[in-house]
Amino acid sequence: MKKLLFSILAGAGMMSCAGGQSKTLVLYYSQEGSTETVAKEIASQTGWDIARIEVTPAYDGDFNQTVQRAQRENQSGQLPELVPLKVNLADYDRIFLGFPIWSGIYANPIKSLLEEADFDGKTIVTFCTFGSGGLATGTKALKDALPGATVIEGYGCRAARMDAVPAEVNRFLISGGYKEGTVAPLPDFPESKPVSESDVETFNAACSSYQFPLGTPVEVASREIEGATEYKYTVAGSGFGGGSSRSTIYVIAQPGKTPEFTEVVR
């Protein structure tokens, strides 16, 4: 029945798009409000249509209960049921698709959406929120799941950094050519070098309060960006099965503020 509903909507949308005018939709699932904050900021800065993905029954437990339910769904293959969308996806040729990162990729409601909706021929621009990282892995998973669409890596932000969203979304939209305006180009990072005692102190100030260990910084590069210093740390840690691993952790340090890490790329 759900697939039939999407098919009917798609057919109706084919007629409404016959004029050929390009339209963009901001479509998102949000569990705790962070992804919704980014979605509404994108829509506010562009004037694009916006729609929320909802499931029934909703994920209404705490963090651990949500994780446990998602794990049961993944193990059983019984993904959450979607509430019918209030928009017609076929009316849009470009969709900014937003989601929280669960287990390294997009949240389970997005998995349900991909099974039920037709994205062939569309351009999908990702945006996401996360505890530590996941923009690259979430986008790659979407590319693998949607071979008939053009999937573009977009914007990601830690849920702990929602105050940074307006300025970062503005830069992302302008630099990506999605919105008119100008922003100063960011300088490239120089070649990494072994960390100094000061570099380690900055890393620890940014990362030591995170709930999971992030590893030990071994190399760093830094650049000055818009009144702040951004650090790109190469970090050594333990991989799955007891082996060693390397990750990249980005840290922002602003005068008078505690440094904060912005993303882990594994």
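Above this note sits the structure.
Note that the structure is a prediction, hence the values are computed from the model and not measured.

Some thoughts on the pairing of strand β10 (residues 216–225)
Argument step 1. Summarising the sheet, strand β9 (residues 193–194) and β10 pair through 2 bridges and their orientation is antiparallel. Bridging from a neighbouring strand, proline 194 pairs with glutamate 219 of β10.
Argument step 2. Counted between consecutive antiparallel strands, the loop separating β10 from strand β11 (residues 228–238) contains 2 residues, among which glutamate 226 sits at a positive phi close to 45°.

Section: helix α3 (residues 63–76)
Argument step 1. When the terminal C-alpha atoms of α3 are compared, their 20 Å separation across 14 residues agrees well with the 20 Å that a helix rising 1.5 Å per residue should span.
Argument step 2. The complete set of buried residues in α3 reads Thr66, Arg69, Ala70 and Glu73. For α3, the angular spread of buried residues about the axis comes to 100°, placing them on one side. Residues Arg72 and Gln75 are exposed on α3 and point more than 90 degrees away from its buried face.
Argument step 3. Where α3 begins, the capping side chain belongs to aspartate 62, and its oxygen is found 3.2 Å from the backbone nitrogen of asparagine 64.
Argument step 4. Downstream of α3 by a residue or two, glycine 77 has a phi angle that is positive, lying close to 80°.

Points about helix α7 (residues 197–207)
Argument step 1. If you check which residues of α7 are buried, you get Asp199, Thr202, Phe203, Ala206 and Cys207. Buried residues in α7, looked at end-on, bunch into an arc of 110°, giving them a common side. Residues of α7 that are exposed and point more than 90 degrees away from the buried face comprise Glu197 and Glu201.
Argument step 2. Summarising the contacts, the buried residues of α7 are in contact with β9, β10, β11, β12 (244–253) and β13 (260–265).

Focus on the pattern of salt bridges
Argument step 1. Under the defined criterion, the tally for this structure stands at 9 salt bridges.
Argument step 2. We note a salt bridge from glutamate 73 to arginine 69, for which the minimum N-O separation is 2.9 Å. Note that glutamate 73 and arginine 69 are positioned in helix α3 at a spacing of 4 residues, about one turn of the helix.
Argument step 3. Since its relative accessible area comes to 16%, arginine 69 is described here as buried.
Argument step 4. The salt bridge partner of arginine 171 is glutamate 226, with a shortest N-O separation of 2.5 Å. Of this pair, arginine 171 sits in helix α6 (residues 165–175) while glutamate 226 is found in the loop between β10 and β11, placing the two residues 55 residues apart along the sequence.
Argument step 5. On the basis of relative accessible area, arginine 171 is assigned to the buried category, the value being 16%.
Argument step 6. Among the residues examined, glutamate 226 registers a relative accessible area of 63% and is labelled exposed.
Argument step 7. Counted as one network, the salt bridges with shared partners bring together Arg161, Glu168 and Glu260.

Rules and cut-offs
Residues numbered from 1 in each chain as written. Predicted model: local features only at pLDDT ≥ 70, side-chain atom pairs only at ≥ 80, totals over all residues. Heavy atoms only, no water. Pairing = 2+ DSSP bridges. Helix = DSSP H or I, 4+ residues; strand = E, 2+ residues; numbered from the N terminus. Expected span 1.5 Å × (residues − 1). Buried < 20%, exposed > 50% of the residue type's maximum accessible area, 1.4 Å probe, protein only. Arc of directions from axis to C-beta. Polar contact = N/O pair within 3.5 Å; in protein donor to acceptor, adjacent residues only side chain to side chain. Contact = heavy atoms within 4.5 Å. Salt bridge = Lys/Arg side-chain N within 4 Å of Asp/Glu carboxyl O.

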